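Listed here are the chains, written in short residue letters.
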Amino acid sequence: MEALTGHMEHLARERASLNRRINAVEHTLSMRREGRKPRMDVMLEGFNDRYETEVVERWGRGAFDASNQWSHGKSIQQQKEWKARAEALLARWRVIQEEGDEPDSAAAQDHAAAHMEWFREIPGTPTHAGDTAKSVDMVRGLATQYESNPDFHVVFGTAEAARFAANALRLHVGDSGKPE
C-alpha cells in the first residue's frame, strides 16, 4: 500500500508537470498565431520540472522552489542574458581543454572559480546558501552528471570538455579529480 501510494503521488506530480508544459506550449502557439511574442515566464512554465525530482531528493523542496521562482521571476531580457552567460561559461571549458590545459592548471582552476560563482547566484543551491559541505557534494554530483549524461556533453561541446570540467571542478573543491 505504501509503495502504491508513493507511486500514485509521483504520477500525480508528473501529470501536473505535463499539464504545465502543455499549457506553456498552447500559450506559445496561440501568441505566435496572433503575431505576438509569447511571455517568457509562461513559455518556460513547467520546463524546469524535469529536474524537480532530483533537486528535491538531493536538496529539498525549498531548494527547487527557490530556484524555480528565481528563474521564472526574471524578465525576458534577464533570462536571455542568463542563458547567454551560462552558454559562454560552458563553452569556455571546451576552449581551455582544447588549448591543452590540465584540470589543475591556473586557467582551469580560475574558470572553476568562475563556475562556482555562477552556482552561487542560483537561490536554492548549497553554494548560494554558503553551505560548504553540501556545495562540495553538489559539485561532485554535478561532475558525475557532466561526465555521464550525454545532454551535458552537448552543452559543453564534447564529452571530453565535459569530463575536463568535471575533473577541474572536483579539484577546485578539494576532491581527487576522479569520480568515486
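Heads up: the structure comes first, above all this text.
Below is a summary of the structure that appears in this document. (Residues numbered from 1 in each chain as written. Predicted model: local features only at pLDDT ≥ 70, side-chain atom pairs only at ≥ 80, totals over all residues. Heavy atoms only, no water.)

1. Digging into the overall build of the chain
A tally of regular secondary structure across the chain gives ten helices and zero strands. In sequence order, the chain lays out its α and β elements as α-α-α-α-α-α-α-α-α-α. By the burial criterion, 34% of the 180 residues in the chain qualify as buried. When contacts within the chain are restricted to residue pairs at least 6 apart in sequence, those whose partners lie at least 24 apart make up 52%. Counting every atom, the chain has about 10,900 Å² of accessible surface; 54% of that belongs to carbon and sulfur. (Helix = DSSP H or I, 4+ residues; strand = E, 2+ residues; numbered from the N terminus. Buried < 20%, exposed > 50% of the residue type's maximum accessible area, 1.4 Å probe, protein only. Contact = heavy atoms within 4.5 Å. Areas by Shrake-Rupley, 256 points an atom, 1.4 Å probe, with all protein chains shown as cover.)

2. Overview of the nonpolar core
Core analysis: the largest hydrophobic core is formed by 24 residues, its most contacted members being Trp93, Trp118, Phe119, Tyr146, Phe156 and Leu169. Mapped onto this core, the elements with two or more residues apiece are α5 (76–98), α6 (106–120), α8 (132–148) and α10 (159–172). Here the element with the most residues in this core is α10; it accounts for seven residues. Filtering out sequence-adjacent residues up to four positions away, Tyr146 remains in contact with His115, Phe119, Phe152, His153, Phe156, Ala162, Ala166 and Leu169. (Core = buried A, V, L, I, M, F, W, Y, C linked by side-chain atoms within 4.5 Å.)

3. Examining helix α4 (residues 61–72)
Its twelve residues place the ends of α4 16 Å apart at the C-alpha level, agreeing with the 16 Å of an ideal helix rising 1.5 Å per residue. Burial in α4 covers these residues: Ala63, Phe64, Asn68, Ser71 and His72. Taken down its axis, α4 places every buried residue within 145° of arc, on the same side. (Expected span 1.5 Å × (residues − 1). Arc of directions from axis to C-beta.)

4. Describing α5
Between its first and last C-alpha, α5 extends 33 Å over 23 residues, near the 33 Å set by a 1.5 Å rise per residue. In the stretch just after α5, Gly100 is the one whose phi turns positive, near 95°.

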